Amino acid sequence: MDQVIDKIFDVAINHEKKSVIEITLKGTEELGELAEAVLSYNNVPGCSYKNKTLQDINEEACDVIIVAMSVLSKSGISKEEMKDMLNHKLDKWLAKTMI
């Protein structure tokens, strides 16, 4: 997983020309595509004709993760800070699910 994080940070910092604002807007587009895939896969009325698969959901979810991590890296967070923040957020999520 560390190699994946390294690659995302490298591409975002050294190759991506979009600003944080533009990447964030791209993230909303990707989240919409994920929602579309989930709705289609679950045969929600008006969406099932798109015939999205579980593979489509997985690919769109990965796109959302990549874009979100790109926003973090372009915002100047270090990999260690990101890992710490993710662990903190995961702990909060776990605490909520234990209620």
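Up top is the structure these notes are about.
Residues numbered from 1 in each chain as written. Predicted model: local features only at pLDDT ≥ 70, side-chain atom pairs only at ≥ 80, totals over all residues. Heavy atoms only, no water.

**Some points on the packing of helix α1 (residues 2-14) against helix α3 (residues 54-74)**
A packed helix pair is summarised by two numbers, namely the angle formed by the two axes and the spacing between the axes.
Part 1: Between α1 and α3, the shortest axis-to-axis distance is 9 Å and the interhelical angle comes to 65 degrees. Along this stretch, α1 crosses α3, giving a crossing that reads as right-handed. Each of I5, I8, F9, A12 and I13 in α1 lies in contact with α3, whose residues at this interface are I66, M69, S70, S73 and K74.
Part 2: Class assignment for the residues of the contact of α1 with α3 results in seven nonpolar, two polar and one charged. (Axes fitted to C-alpha atoms, helices over the stretch in contact; angles between N-to-C directions. Helix = DSSP H or I, 4+ residues; strand = E, 2+ residues; numbered from the N terminus. Left-handed = near helix turned anticlockwise from the far one by under 90°. Contact = heavy atoms within 4.5 Å. Nonpolar A, V, L, I, M, F, W, Y, C, P; charged D, E, K, R; others polar.)

**With respect to the pattern of salt bridges**
Part 1: The full count for this structure, using the stated rule, is eight salt bridges.
Part 2: Here D2 makes a salt bridge to K83, at a shortest N to O gap of 2.9 Å. In this pair, D2 sits in helix α1 while K83 sits in helix α4 (residues 79-97), placing the two residues 81 residues apart along the sequence.
Part 3: Owing to a relative accessible area of 46%, D2 belongs among the partly exposed residues under this scheme.
Part 4: In this structure, E16 and K18 form a salt bridge, with 3.7 Å as the shortest nitrogen-oxygen distance.
Part 5: One connected set of salt bridges, linked through shared partners, spans D2, E80 and K83. (Salt bridge = Lys/Arg side-chain N within 4 Å of Asp/Glu carboxyl O. Buried < 20%, exposed > 50% of the residue type's maximum accessible area, 1.4 Å probe, protein only.)

**Considering the side chain of S40**
Part 1: Along the chain, S40 falls in helix α2 (residues 20-41).
Part 2: For S40, a relative accessible area of 2% gives the class buried.
Part 3: Within the structure, the side chain of S40 is placed 3.3 Å from the backbone oxygen of C47, a separation counted as a polar contact.
Part 4: Beyond its immediate stretch of four places on either side in the chain, S40 contacts C47, S48, K50, N51 and K52. (Polar contact = N/O pair within 3.5 Å; in protein donor to acceptor, adjacent residues only side chain to side chain.)

**Section: the side chain of S70**
Part 1: With respect to the helices and strands, the residue S70 is situated in helix α3.
Part 2: Those residues in contact with S70 that sit more than four places away from it in its chain are I8, A12 and I23.

**Topic: the environment of C62**
Part 1: Summarising the element assignment, C62 is placed in helix α3.
Part 2: Classification of C62 by relative accessible area gives partly exposed; the value is 44%.
Part 3: It is 9.3 Å that separates the C-alpha atoms of C62 and L34, two residues lying 28 residues apart in sequence.

**What about a nonpolar patch on the surface?**
Part 1: Where nonpolar side chains cluster on the molecular surface, the patch consists of L86, L90 and W93 and spans about 340 Å² of accessible area.
Part 2: Mapped onto the fold, W93 is located in helix α4. (Patch = residues over 30% accessible without salt bridge, like charges linked within 9 Å, V, L, I, M, F, W, Y side chains within 5 Å. Areas by Shrake-Rupley, 256 points an atom, 1.4 Å probe, with all protein chains shown as cover.)

**Focus on α3**
Part 1: The end-to-end C-alpha distance of α3 is 30 Å, a good match for the 30 Å that 21 residues give at a rise of 1.5 Å each.
Part 2: Taken together, the buried positions of α3 are occupied by I57, E60, V67, M69, S70 and S73.
Part 3: Each element contacted by the buried residues of α3 is listed here: α1, α2 and α4. (Expected span 1.5 Å × (residues − 1).)

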